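# Overview (structure and organization)
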Amino acid sequence: MIEKETLIREYVKALRNNNASVFVGSGISSPIFNKCWKELILPYAIKIGLSNDTMGDDYPFIAQSYINCGNDELAFQKEICAVFRSSETTDVHSILAELPIRNYWTTNYDELLENALNHKNKHFDLIYNNDSFVSLDDRRDHIVYKCHGDCKHPDSIIITQKHYENFKVKAFNFTHALYNELASSSVLFLGYSFNDPDINNIISTLSAINSVTQKHFLITKKN
């Protein structure tokens, strides 16, 4: 743990050196959606015989179990994506859109970051699956990497256990882009808790890069 003043000083230094990125989690979008992982998955857990008390906290496993019970995967993805469609944004997203950040990373499905960048008339590319790397615009000022897919493209979202397992193996472009980001930029993680399944995957990726000397920062609530 570091002092707030130290974090601000170090991250501002990275911003001035054009060497800062941000990784946004679901906590930043909560003023609009107010949906945690458990609340999102609970209705589907109930449909397969689980309850609030018995479902546990392995949410990708529960989502996979729902599909394994014979439910249509794409229909499930569409229902999840419908929750996150919005033309709004938040104050935090607006501030992030104003900063001299080239690459924005998120595990969120929602459009709040893109909405904020559009409000600031920023020219950006959106990467939401492994294939969208091939259609980049060289005139872009920013890139938004949506690691777990985009709510406008339901078949792209990563939510079941199988999706997570396939992402680690098949998302070659995403994996290498994230390795390069962590190795070359100071990344500020916002909107994650240590109970969030996404942050564990990110930390394991960071731990695998033994030679990384870049400083990265995580702001989270105290337990």
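Procedures and definitions
- Residues numbered from 1 in each chain as written.
- Predicted model: local features only at pLDDT ≥ 70, side-chain atom pairs only at ≥ 80, totals over all residues.
- Heavy atoms only, no water.
- Core = buried A, V, L, I, M, F, W, Y, C linked by side-chain atoms within 4.5 Å.
- Buried < 20%, exposed > 50% of the residue type's maximum accessible area, 1.4 Å probe, protein only.
- Helix = DSSP H or I, 4+ residues; strand = E, 2+ residues; numbered from the N terminus.
- Contact = heavy atoms within 4.5 Å.
- Arc of directions from axis to C-beta.
- Polar contact = N/O pair within 3.5 Å; in protein donor to acceptor, adjacent residues only side chain to side chain.

If you look at the biggest cluster of nonpolar residues, it comprises 39 residues, and the most contacted ones within it are Ile41, Phe76, Ile80, Ile159 and Phe174. Among the secondary structure elements, those contributing two or more residues to this core are α3 (37-47), α4 (59-68), α5 (73-83), β4 (142-146), α8 (161-170), α9 (172-184) and β5 (186-190). Look past the residues within four positions of Phe76 in its chain and what remains in contact with it is Ile41, Tyr44, Ala63, Tyr66, Ile67, Ile159 and Thr160. By size, the runner-up hydrophobic cluster in this structure holds 20 residues, among which are Val22, Tyr104, Leu117 and Val144.

This part covers helix α6 (residues 91-98). Owing to its 3.6 residues per turn, the α-helix brings residues three or four apart onto one side. Regarding α6, the residues found buried are His93, Ser94, Leu96 and Ala97. Considered in projection along α6, the buried side chains sweep an arc of 160° and stay on one side of the axis. Opposite the packed face of α6, turned more than 90 degrees from it, sit the exposed residues Asp91 and Glu98.

With respect to the secondary-structure elements, Asn108 resides in the loop between β2 (103-106) and α7 (112-119). Relative accessible area serves as the criterion here: at 7%, Asn108 is assigned to the buried category. When near neighbours in sequence (up to four residues on either side) are disregarded, Asn108 contacts Val24, Gly25, Ser26, Ser29, Lys146 and Gly149. Within polar-contact distance, the side chain of Asn108 engages the backbone oxygen of Gly25 at 3.0 Å. Separated by 3.1 Å, the side chain of Asn108 and the backbone nitrogen of Ser26 make a polar contact.

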